[in-house]
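Observations on the model geometry
One-letter residues, chain by chain:
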Amino acid sequence: MQVLRLRALRGPNLWSRQTAIEAVVSCDTPEPLPGGMPGFLDRLYARFPQIDLLPAASCPEAEMLAHTLERAVLGLEIQVGCPVAFSKIAPTLEADVYQVVVEYSEEAVGRLAFDLAQDLCSAAIEDTPFNLAEALQHLRELYEDIRLGPSTGSVVRAAVARGIPFHRLTDGSMVQFGWGSRQRRIQAAETCLTSLVAESVAQDKQLTRFLLDAAGVPVTPGRPVTSAEDAWVATCEIGSPVVVKPQDGNQGRGVRVNLVSREQVEAAYTVAVEVTGKVMVERYIPGHDYRMLVIGNKLVAAARREPPQVAGDGIHTVGELVEQINSDPRRGEGHANALTKIHFDEIALAHLATQGLTSESVPPAGTRVVLRNNANLSTGGTATDVTDEVHPEFAARMGEAAQMIGLDICGVDVVCESVSRPLEGQGAIIEINAAPGLRMHLQPSLGKGRAVGEAIIANMFKKGDDARIPVVAVTGTNGKTTTARLIANILDCQGLRVGMTSTDGVYIEGQRIDTGDCSGPKSARKVLLHPDVDAAVLETARGGLLREGLAFDRCDVAVVTNIGVGDHLGLSYINTVEDLTAVKRIIVQNVKPGTGVAVLNAADPFVAGMAAHCPGKVTFFARDPDDPVITKHRAQRKRVVYVDGDAIIAAEGNFEYRLPFAGIPVTQNGAIAFQIENAMAAVAAGWALGLDWQIIRGGLANFVSDMQTAPGRFNFFTHRGATLIADYGHNVDAIRALVNAIDKIPAKRRSVVISGAGDRRDEDIRRQTEILGDAFDEVVLYQDQCQRGRANGEVLSLLRQGLEKAKRTRQIKEIYGEFGAIDAAFDDLKEGELCLILIDQVDEALGYITKRVVAG
Amino acid sequence: MLAYADTKPDYIAVNRDIKFIEIRHLNGPNIWSVRPVLEAIVDIGELEDFPSDTIPGFYECLSSWLPSLIEHRCSYGERGGFLRRLKEGTWTGHILEHVTLELQNLAGMPGGFGRARETSLRGVYKVAVSAWHEDVARNALAAARELLLAAMDYSPGDEPYDVRGAVAHLRGMVDSLWLGPSTACIVEAAASRNIPAIRLLAKGNLVQLGYGIRSQRIWTAETDRTPAIAESISRDKDLTKALLQSCGVAIPEGRVVHSADDAWEAAQEIGLPVVIKPCDGNHGRGVFIELSKREEIESAYRIALEEGSGVLIEGYVPGTEHRLLVVGGRLVAASRGDSVSVTGDGISTINELIQQQINSDPRRGESEDHPLNPVHVDGVTIMELLRQGFTTDSIPLVGQEVIIQRNGNHAFDVTDEVHPSTAAAASLAARIVGLDIAGIDLVATDISRPLAEQGGAIVEVNAGPGLLMHIKPAIGSPRPVGEAIVEHLFPSHEDSRIPIVGITGSYGTTNLAHLIAQLLALSGKQTGLACSDGFYLDRRQVKKGDQANWKTARNILMNRSIEAAVFENGSDSMLREGLAYDGCHVGIVTNVELTRHYGKYLETPKQVFDLLRTQVDVVVPAGAAVLNAREPMLVEMAALCNGEIIYFSLDSDLPVIKEHCLHGTAGINGVQGKRAVTVRDGEIFLVDGSSELPLSKLNDVPVTCDGKAVLEVENILAAVAAAWSLGIDPAVIRAGIGSFHAFSKV
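Residues numbered from 1 in each chain as written. Chains lettered and ligands numbered in written order. Predicted model: local features only at pLDDT ≥ 70, side-chain atom pairs only at ≥ 80, totals over all residues. Heavy atoms only, no water.

1. Quick notes on the overall build of chain A
- Across its full length, chain A carries 28 helices and 38 strands.
- Considering only C-alpha atoms, chain A reaches an extent of 115 × 75 × 55 Å along its principal axes.
- Taking contacts inside chain A between residues at least 6 apart in sequence as the whole, the part at least 24 apart equals 67%.
- Accessible area of chain A: about 33400 Å², with a carbon and sulfur share of 50%.
- In chain A, which carries 87 positive and 107 negative side-chain charges, the distance between the mean positions of the two groups comes to 5 Å. (Helix = DSSP H or I, 4+ residues; strand = E, 2+ residues; numbered from the N terminus. Contact = heavy atoms within 4.5 Å. Areas by Shrake-Rupley, 256 points an atom, 1.4 Å probe, with all protein chains shown as cover. Lys, Arg positive; Asp, Glu negative; His and termini not counted. Charge placed at Lys NZ, Arg CZ, Asp CG, Glu CD.)

The structure is reproduced here in structure tokens:
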């Protein structure tokens, strides 16, 4: 068993909407399996009894191995608690080679599970040991380490339930919600609304006390003290009993309560000062500890917190009683479980000592032994939800306290007798915590959990706000960059700041921030994460779709320009036009259900067929108004876009809107058919986004496609009275469209300069010159620097073969190098002639052509 | 005075002492001034007989010890005015005032105000001086007394009073107690826009700008709008860079490294030379620039490791470090680091070149008057030289350039030179991290050219940036940083104030306060009320007892839920504490009964007038003073008001009312108001010039007992006037006064 390739599909992909590990695995076993398949399966079950194999119909051994691997990965993930369900295998054209796809919830966990599953399979094949417990432990630790913590997780789940997209910014708890200019961030229980100043205020206990008192909220009198003597002075000012505690202490270390005498106070000072050096004396208020969670100045949850304690039974020692409690399976370590084990450490022992007890003491039946005087869940305390019991006046003070401090989310620590009465006269606020833990409210030890994540999301996002920006995905074999640019231009006319990805870069508000082929998910993510983007137009090429899946969970509009006879076939296990259609269909399958729109080319049967896979609406476009797909769709009173005479028509039921070619310069008054199609797709996309027709019209009217704005896209030059056109077209459909467009331009003589990209199939390279041979008088063939895996001369020879049956071509030249080929074309060019240069190194070639044109 | 010369006691024999009978801090508008003052009741005893000109050597002593007294204009309204008075003869109380003020000025406190007034007791004066900070002012007053007594006792040859020491002590207090320069510049900018400020910490730079629900807090260069998460991001350099890069902002390539070997590996990936720095360090600590050799890189790694939680290695960006300050998405200031080098002459050592080429610059020097520090050769310099293969004693070749110091203090203001695309990149960087106020560290050779063409890059984004370099650049003009921050927090069209109604008078003011609070609450505003029977938040009594005081009013102004406030101001509180607010929309003076005010502090009608007028002085230009037209003293106060005057009167035919409604009454800003609230035929009218709107019959206002209870009727009229001036709908006012029953017994 050998893994030939492994990918993490980080968004909706060819297989499903879920994130998944996709591996190409050769399952060929050089020798027969010992004991055959039954023997293998016995060994497998012995090593991983929980594996859930589908009933094995008679299938080849290799397929069974692939299936075993697939189910082993999924089974391991499920065993450690990952919420995953999807997996599948698919054969490839190569014998015994399968694609194995398994859903993951955390990429690293999925990858590790895949490695472990491979080990498991090998162990089962070779009958070697496999330590399942160790493997699961390893996997579980990784999962616990990188999954979102309970607090952050609750907020993220609430966001997802509201349809808000999220993106983890770090391996920790920092998460970004939403896209572009609508984005907001959280970090556990802090949000982008949590003010740094407010956090600093909350950290200053004296200042907090002062502000709360000013706001008429009960606080405990108290102050910091500088010496044991000062502690007693403070006690006299405040009135006993008092609490003496370290000012910035945590987990109750060094806290002494209910002190009355001078000796007690001074002794407590000595203990506390050793913890932080800064000591506070406060009035002691008898009662329970409560934690109040306030979000958006409203009380959302309340919990009564109790310190870890054991109940004596007259038989067991304190140590034994603690052990009994800790054996509760709900108690774990860290923050992942509902309860945490009681920490029976030196703090607990010291606390026992203050009660005259040791771990060996046997407390009488019915007595309660408190193990530390702090109720943090992380040291074994418990939390009981009391939200429904809180008196409205009590709740009002909590909201006022949060507002006074200025925190959007805070945990208010209160000591009082009861929450079912107003706070005044029976308790006080002890402190206010920024970024409070949410676990005790989500999963209290007793009582019901509260919808805390939902409250946080509701405070960050108004009802109905899903923090998304309009997203248009564009794919197809040809025309996608121009279509994307047209749509971007229309959105720009709407006054939106547009982010766009395309095969020549990432653009934000027209500024190119990244260069090269940027039609993949990494570039799309850049646009979606950019704070200045109000709308995204994402050219989505096959490479990225296959490599990683989509960068977004859904789009508003999916535009598929065409499939034609395909491009790049034979790469990445995409061999047929049908395979390619399935890849490009992914964007259609992921339009927003119900309201999203797929804009599909009706004239291309592969594209038109995608309509059945669209969970939203469909708008068809085709030049021919009588196209059967168009007429049928129109008859159903659905949206269509087609050409009528000298205009593009957008029609739906009785509604028709006319956009004359005269107002769409890129079509050259309707002369360039492929630009008409691009414009139609853009019109349909603008319409789908609900834009005003004036805006759509304006966006088409002021769209400029020249060398600066659209390098390599039908760029016109004039040289000594001849017309030069440079284009990046490099596949059969593009060349057909170019020939079609050029046929309408009168010329005495036509010549073309072409090289072939080596990563196309042989027949696709040949087909290009077959088309050109029927349309051009002269063909200049050149071999470019980048042969993309082909032997020297191989591509040239394929191109030559395509010209063998040429109907028009009389002259063929072969040149090495792009510039040389351009020189050759320039040298022969005379007035009234036309030359098409199919450029490869776009920027360099255009630069060279410009230089030649300028030179005259 | 001379006429008494022979009869007065001998100066040498006199008991020269200055006693403070009482010292009070009036922390708000008061009888003396609209600014906080320290008021001292001073008994100068027998010195009453000795004005300054009669004390031998006194003038000379004082004017030489405190030469800056020449700036005090005093009586003559011109420079040197006070010294002239001192020479011609003035009394100790007056001198004490000026010396106290001058000591505060020398200690660095903002400019001031002072007054000295006689009382009815011989030799007892009231001295009031500006007191922005109570402790500083008290100490300055005490020091001024010492200084004066020392000057009076001084004879040539004595040890002079240690003015320098006294000022240094006060300056130390100012440094630890008063606002830091960055915060002070924001507060000053706020003040110039008439935005009030409240310090929330006795020490430190936490300040509230604005009142109640309109307030915003600042803590140096952090604001309520600075998200804690953004600050966390800015501290994580790796995350910051990843976010910036994703948005196309130029940053140096780099990564976190985990060992010295890894550092060398990373350096080769990135390309030499490189920079090594701690992941979360700041202020250039542990930062090593332009390293190329493996040994340098490995040893730098080890040192950087000790500074922070991890080590970052980055490609070296050529150029000088710049600091760009972005506030609210806008580039506000930019400064360039002081990067210096020397050029060899083939003769001099580097040490000598530093003296010849750098430290000879007249702008460099140790004193505060020198904008630039001289270059001292320290460890960093030696390392920098070592890296270039030199020691301080090396003699560079002719024309050879040697870097001495890379990024000294950010001294040069270059705001006007920043290329627009660079300003946009800095602003974007702040936005990406999420900071409203950010200091962007950027390395570029020439800040006036786009970054891309020179390989410049943003190297760091800082939260809570220092402002001092922009406020006081060594070279170049100061930038309006405070103004920008205030504009960011309070865009010009936004009000920083909530409606405040201040009430004073001789009697009946508590009921009036309750009534107005009810009207405001009815109009839908969360209202705070401080009056003599309690502290109320939105009708809930928070505290009982007399709360008509400075502290409770301040508490209400600090409360972030409060949309409107009503304050009753008893004359006692105004005398002892001053007002808690510096401006109000409505200032009401209900009535005057002089005898109720007379006592230890107030003895004359003029003094009562001066006290009560405080309430009128603080009315903002868009606000109104509501005055009882039957009181001539209040009618006289009308001229002091910045805003409109609205009279109320039981008698609609009162000449004052007639005249006001016909011609209007102009306050000091020339606001011509013609509004009045009066009663005619048992009905309340809102009068505005010639138009009259009947509001309510007195019969429908139960508390007036059908109009028979005169004080209650006047209170109703005053409340109606206040509500009217605040734009409350007459229907709401009518409903409010009709349903008001809860007058307490006062």
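2. Description of the overall build of chain B
- Of the regular secondary structure elements, chain B holds 23 helices and 32 strands.
- Summarising its shape, the C-alpha atoms of chain B cover approximately 100 × 75 × 45 Å along the three principal directions.
- Evaluated residue by residue, chain B yields a buried proportion of 57% over its 746 residues.
- For chain B, long-range pairs separated by at least 24 residues make up 66% of all intrachain contacts whose partners lie at least 6 apart in sequence.
- When the accessible area of chain B is evaluated, it comes to approximately 30400 Å², of which 51% is carbon and sulfur surface.
- When the 67 basic and 95 acidic side-chain charges of chain B are each reduced to a single mean position, those positions are 5 Å apart. (Buried < 20%, exposed > 50% of the residue type's maximum accessible area, 1.4 Å probe, protein only.)

3. Some words on the interface of chain B and chain A
- Taken together, the 36 residues of chain B in the interface contact 38 residues of chain A.
- When the two sides are added together, the surface that chain B and chain A hide from each other amounts to roughly 3000 Å², 61% of it contributed by carbon and sulfur.
- For the pair chain B and chain A, the interface holds four salt bridges.
- Across the contact surface, chain B and chain A share ten residue pairs in polar contact (both at pLDDT 80 or more).
- Every element with two or more residues in the side of chain B that touches chain A is listed here: strand E7 (216-219), strand E8 (222-223), helix H7 (228-235), helix H8 (237-246), helix H13 (420-433), strand E22 (534-537), strand E23 (540-543) and helix H17 (550-558) of chain B.
- The dominant element in the side of chain B that touches chain A, judged by the number of residues it contributes, is H7 of chain B, at five residues.
- Class assignment for the residues of the side of chain B that touches chain A results in 18 nonpolar, nine polar and nine charged. (Buried area = accessible area lost by both parts, 1.4 Å probe. Salt bridge = Lys/Arg side-chain N within 4 Å of Asp/Glu carboxyl O. Polar contact = N/O pair within 3.5 Å; in protein donor to acceptor, adjacent residues only side chain to side chain. Nonpolar A, V, L, I, M, F, W, Y, C, P; charged D, E, K, R; others polar.)

4. Concerning helix H26 (residues 794-802) of chain A
Residues and elements named next belong to chain A.
- For H26, the full list of buried residues reads Val-795, Leu-796, Leu-798, Leu-799 and Gly-802. The buried residues of H26 occupy one face: seen down the axis, they fall within an arc of 160°.
- Looking at the packing, one finds that the buried side of H26 touches strand E35 (750-754), helix H25 (762-773), strand E36 (778-783) and strand E37 (811-816). (Arc of directions from axis to C-beta.)

5. Considerations on the pattern of salt bridges
Residues and elements named next belong to chain A.
- The full count for this structure, using the stated rule, is 95 salt bridges over all chains.
- Across the pair Arg-623 and Glu-677 runs a salt bridge, and its minimum N-O distance is 3.1 Å. Taken together, the residues span a long stretch of sequence, with Arg-623 in the loop between strand E29 (617-622) and helix H21 (628-635) and Glu-677 in helix H22 (residues 673-688) at a distance of 54 residues.
- Note on Arg-623: relative accessible area 35%, which makes it partly exposed.
- Taking the shortest distance from any N to any O, the salt bridge between Asp-823 and Arg-852 comes out at 2.8 Å. Note that Asp-823 is positioned in helix H27 (residues 818-828) and Arg-852 in helix H28 (residues 842-855), a separation of 29 residues in sequence.
- Here the residues in one salt-bridge network are Arg-10, Glu-107, Arg-111, Lys-522, Arg-525 and Glu-548, joined through shared partners.

6. Here we look at the side chain of Arg-450 of chain A
Residues and elements named next belong to chain A.
- Positionally, Arg-450 belongs in the loop between helix H13 (439-442) and helix H14 (452-460).
- In this structure Arg-450 comes out as buried when scored by relative accessible area, which is 14%.
- Polar side-chain contacts of Arg-450 include one of 3.3 Å to the side chain of Thr-387.
- Residues contacting Arg-450, with those up to four places away along its chain left out, are Val-300, Ala-301, Asp-385, Thr-387, Asp-388, His-441 and Leu-442.

7. Quick word on helix H15 (residues 481-489) of chain B
- Counting buried residues in H15 of chain B gives seven out of nine residues, a clear majority hidden from the surface.
- Taken together, the buried positions of H15 of chain B are Val-481, Gly-482, Ala-484, Ile-485, Val-486, His-488 and Leu-489 of chain B.

8. Structural notes on the nonpolar core
All names here are of chain A.
- Counting 88 residues, the largest nonpolar core has Val-414 and Ile-429 as its most contacted members.
- Considering every element that reaches this core, the biggest residue donor is helix H12 (residues 392-405), with seven residues.
- Not counting residues within four places of it along the chain, the set of residues in contact with Val-414 comprises His-288, Asp-289, Tyr-290, Met-292, Phe-394, Met-398, Leu-423, Ala-428, Ile-429 and Ile-430. (Core = buried A, V, L, I, M, F, W, Y, C linked by side-chain atoms within 4.5 Å.)

9. Points about unusual backbone geometry
- Between Ser-240 of chain A and the following residue, Pro-241 of chain A, the backbone shows a cis peptide bond with an omega angle of 0°.
- That bond from Leu-272 of chain B to Pro-273 of chain B is cis: its omega, -10°, falls within 30 degrees of zero.
- Its identity as a non-glycine residue notwithstanding, Ala-188 of chain A has a phi of 50°, on the positive side.
- Mapped onto the secondary structure, Ala-188 of chain A falls in the loop between strand E7 (184-187) and strand E8 (190-191).
- Of the residues examined, Ala-188 of chain A reaches a relative accessible area of 24% and is grouped as partly exposed.
- Phi at Asp-538 of chain B takes a positive value of approximately 50°, unusual for a residue other than glycine.
- When you line up the elements, Asp-538 of chain B lands in the loop between E22 and E23.

10. So, the environment of Leu-142 of chain A
- Summarising the element assignment, Leu-142 of chain A is placed in helix H4 (residues 132-146).
- Each C-alpha atom, one on Leu-142 of chain A and one on Leu-9 of chain A, is 20 Å from the other, the two residues being 133 residues apart in sequence.

11. Observations regarding the packing of helix H4 (residues 134-153) of chain B against helix H5 (residues 163-177) of chain B
Residues and elements named next belong to chain B.
- Relative orientation of the contacting elements H4 and H5 amounts to 175°, with a least axis distance of 10 Å. Classed by the angle they form, the pair H4 and H5 counts as roughly antiparallel. Contacts between H4 and H5 involve Asp-135, Val-136, Asn-139, Ala-140 and Leu-147 on the former and, on the latter, Val-163, His-169, Leu-170, Met-173, Val-174 and Leu-177.
- For the contact of H4 with H5, the class distribution of residues is eight nonpolar, two polar and one charged. (Axes fitted to C-alpha atoms, helices over the stretch in contact; angles between N-to-C directions. Parallel < 35°, antiparallel > 145°, perpendicular 65-115°, else oblique.)

12. Focus: the packing of aromatic side chains
Residues and elements named next belong to chain A.
- All chains considered together, the criterion is met by eleven aromatic pairs over all chains.
- For the pair Phe-819 and Tyr-848, a centre-to-centre distance of 4.2 Å together with 5° between the ring planes defines the contact as stacked. Taken as a pair, Phe-819 in helix H27 and Tyr-848 in helix H28 lie far apart in primary sequence, 29 residues in all.
- The partly exposed category is assigned to Phe-819, whose relative accessible area is 37%. (Phe/Tyr/Trp six-rings, centres within 6.5 Å; stacked < 30°, edge-to-face > 60°.)

13. Points about the side chain of Ser-359 of chain A
Residue and element names in this part refer to chain A.
- Checked against the element boundaries, Ser-359 lands in the loop between helix H11 (346-354) and strand E18 (368-370).
- Side chain to side chain, Ser-359 and Glu-360 meet in a polar contact 3.5 Å long.
- Not counting residues up to four positions away in its chain, the partners in contact with Ser-359 are Thr-317, Val-318, Gly-319, Phe-344, Leu-349 and Leu-352.

14. Some details on the sheet that holds strand E12 (residues 311-315) of chain B
Residues and elements named next belong to chain B.
- With respect to topology, four strands assemble into an open sheet ordered E9-E12-E10-E11, the strand pairing being antiparallel. The sheet is open, and its two edges are formed by strand E9 (254-257) and strand E11 (288-291), each paired on a single side. On average, each strand axis in the sheet is inclined to that of its neighbour by 25°, with strand direction left out of account.
- Across five bridges, the pairing between strand E10 (residues 274-278) and E12 is antiparallel. Looking across to E12, one finds that Val-274 is bridged to Gly-315.
- Contacts from H8 reach E9, E10 and E12 within the one sheet, and its direction differs from that of E12 by about 35°. (Pairing = 2+ DSSP bridges.)

15. Comments concerning the sheet that holds E8 of chain B
Residues and elements named next belong to chain B.
- Taken in spatial order, the four strands make up an open sheet running E5-E6-E7-E8, and their pairing is antiparallel. Only two strands of the sheet have a single neighbouring strand rather than two, namely strand E5 (197-199) and E8.
- Bridging between strand E6 (residues 206-209) and E7 involves four bridges; their strand directions are antiparallel. Bridged to Gln-208 within E7 is Arg-217.
- Its contacts with the sheet put helix H6 (residues 181-192) on E5, E6 and E7, and the angle it makes with E6 is roughly 15°.

16. What about the environment of Val-452 of chain A?
- Following the sequence through the fold, Val-452 of chain A ends up in helix H14.
- In this view, Val-452 of chain A contacts Leu-293, Ile-295, Val-300, Leu-438, His-441 and Leu-442 of chain A; residues no more than four positions away in its chain are not counted.

17. A look at the packing of helix H5 (residues 150-161) of chain A against H14 of chain A
Residue and element names in this part refer to chain A.
- Look at H5 against H14: their axes get within 7 Å of each other, and the N-to-C directions meet at 65°. For the crossing formed where H5 meets H14, the hand is right-handed. Here Ser-154, Val-155, Ala-158 and Ala-159 of H5 lie close against H14, whose contacting residues are Gly-453, Glu-454, Ile-456 and Ile-457. (Left-handed = near helix turned anticlockwise from the far one by under 90°.)

18. Some details on the confidence of the model for chain B
Residues and elements named next belong to chain B.
- The share of residues in chain B with pLDDT of 70 or more is 97%, and the mean pLDDT across the chain is 90.
- Predicted confidence for residues 1-6 stays below pLDDT 50, and this span has one contact to residues more than four positions away or in other chains.
- Reported confidences for the modelled complex are a pTM of 0.88 and an ipTM of 0.90. (pLDDT = per-residue confidence, 0-100.)

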